[in-house]
Amino acid sequence: MNETQGPAERRPEERLALLQRRLADFAAARGWEPYHTPKNLAVALSVEAAELVEIFQWLTPEQSAKVMEKPESAHRVADEVADVLAYLLQFCEVLGVDVLDALAAKIERNELRFPVAGPQTPNRHSSE
């Protein structure tokens with residue numbers, strides 16, 4: 001990594017690694033490592049994901065599509081997305097999971113599982 005580059009000038013995977021390291025350093029400086037067990041981080045990740053869902057809980061599909069148009073709700077969404085990503089990165093750090101490799105492998109498996117052939121099937125989703 002070129003240390004003279006600003007964060008925005010780095011490749012996305014470099015930025016991700018730097019942020020992951022920054023999160024680990026943040027926790028270490030506060031002595032939080034004993035609490036950052038896989039179980040605790042998975043629970044925290046779930047809680048933060050639920051807080052993201054809460055923002056959309058009673059919105060119509062149309063309202064949810066416009067949530068980023070209002071500064072207050074856009075800020076809330078961005079904060080919760082950041083919390084979810086922070087806990088996911090910390091979880092991956094503790095377990096030694098390369099998040100980008102894991103995602104690439106999952107996409108490859110889904111491409112094999114759900115090949116593009118013939119008409120689209122809107123009633124089936126990759127989570128099935």
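Up top is the structure these notes are about.
Definitions and limits used
- Counting restarts for each chain: residues are numbered from 1 in the order of the written sequence.
- Where local features are concerned, this predicted model is filtered to residues with pLDDT of at least 70; where side-chain atom pairs are given and counted, the filter is 80 or more; whole-chain, interface and lining totals use all residues.
- The basis for the side-chain values is all heavy atoms of the structure; hydrogens and waters are excluded.
- Strands here are runs of E lasting at least two residues and helices are runs of H or I lasting at least four, both read from the DSSP assignment and numbered beginning at the N terminus.
- Buried means the residue's accessible area, taken with a 1.4 Å probe over protein chains only, is under 20% of the maximum for its type, while exposed means over 50%, and partly exposed covers the values in between.
- Here a residue-residue contact requires only that any non-hydrogen atoms of the pair lie within 4.5 Å.
- Stacked, tilted and edge-to-face pairs are distinguished by plane angle, under 30 degrees for stacked and over 60 for edge-to-face with tilted covering the rest, among Phe, Tyr and Trp rings (Trp via its six-membered ring) whose centres lie within 6.5 Å.
- Counting as a charge over the ring demands two things of the Lys NZ or Arg CZ atom: a distance within 6 Å of the ring centre and an angle within 35 degrees of the ring normal.
- When a carboxyl oxygen of Asp or Glu is within 4 Å of a side-chain nitrogen of Lys or Arg, the pair counts as a salt bridge.
- Lines are fitted to the C-alpha atoms to define the axes, a helix being fitted only along its stretch in contact, and any angle between axes, read from their N-to-C directions, falls within 0 to 180 degrees.
- Should an angle fall under 35 degrees it is called roughly parallel, over 145 degrees roughly antiparallel, and 65 to 115 degrees roughly perpendicular, with every other angle called oblique.
- A clockwise turn of the near helix away from the far one marks a right-handed crossing, whereas an anticlockwise turn of less than a right angle marks a left-handed crossing.
- For this classification, the nonpolar set comprises Ala, Val, Leu, Ile, Met, Phe, Trp, Tyr, Cys and Pro, the charged set comprises Asp, Glu, Lys and Arg, and every other residue, Gly included, is treated as polar.
- For the purposes of these results, a polar contact is taken to be a pair of N or O atoms within 3.5 Å, where, inside protein, one atom must be able to donate a hydrogen and its partner to accept one; residues adjacent in sequence count only when each atom of the pair is a side-chain atom.

### A few points about the overall build of the chain
Helix and strand content of the chain: five helices and zero strands. What you see in the chain, going N to C, is helices and strands ordered as α-α-α-α-α. For the chain, the residues scored as buried account for 18% of the 128 residues in total. Pairs at least 24 residues apart make up 52% of the contacts formed inside the chain by residues separated by at least 6 positions.

### Considerations on the packing of aromatic side chains
Across all of its chains, the model carries one aromatic pair by this definition. Summarising the aromatic geometry, the rings of Phe 26 and Trp 32 are spaced 5.4 Å apart at their centres and angled 75° between planes, so their arrangement reads as edge-to-face. On the accessibility criterion, Trp 32 (36% relative accessible area) is partly exposed. A cation over an aromatic ring shows up here: Arg 30 above the ring of Phe 26, its NZ or CZ 3.5 Å from the ring centre.

### Some points on the pattern of salt bridges
A full pass over the atoms with the stated rule returns three salt bridges. Between Glu 13 and Arg 11 there is a salt bridge, with the nearest N and O atoms lying 2.5 Å from each other. Residue Glu 13 is classed as partly exposed on the basis of its relative accessible area of 35%. As a salt-bridge pair, Arg 21 and Glu 93 come within 3.5 Å of each other at their nearest N and O atoms. Within this pair, whereas Arg 21 is found in helix α1 (residues 12-29), its partner Glu 93 is found in helix α4 (residues 71-95), the two being separated by 72 residues in sequence. Its relative accessible area of 42% is what places Arg 21 among the partly exposed residues.

### Considering the packing of helix α2 (residues 38-56) against α4
At a minimum axis separation of 9 Å, α2 and α4 run at an interaxial angle of 160°. Comparing the axis directions of α2 and α4 gives the class roughly antiparallel. As α2 runs across α4, the sense of the crossing is left-handed. Note on element contacts: α4 touches α2 through Arg 76, Val 77, Glu 80, Val 81, Asp 83, Val 84, Tyr 87, Leu 88, Gln 90, Phe 91, Val 94 and Leu 95, opposite Pro 38, Leu 41, Ala 42, Ala 44, Leu 45, Glu 48, Ala 49, Glu 51, Leu 52, Ile 55 and Phe 56. Class assignment of the residues belonging to the contact of α2 with α4 gives a composition of 17 nonpolar, one polar and five charged.

### Notes on the side chain of Gln 20
Tracing the backbone shows Gln 20 in helix α1. Take Gln 20: its relative accessible area is 15%, and that puts it in the buried class. A polar side-chain atom of Gln 20 sits 2.9 Å from the main-chain carbonyl oxygen of Leu 89. Sequence-distant contacts of Gln 20, that is, excluding residues within four places in its chain, are made with Leu 89, Cys 92 and Glu 93.

### A word on the environment of Leu 100
Within the secondary structure layout, Leu 100 lies in helix α5 (residues 99-113). Excluding its chain neighbours within four sequence positions, the residues that come into contact with Leu 100 are Glu 13 and Leu 16.

### Some details on the side chain of Gln 90
Looking at where Gln 90 falls in the secondary structure, it is placed in helix α4. Setting aside residues up to four positions removed in sequence, Gln 90 forms contacts with Leu 23, His 36 and Leu 41.

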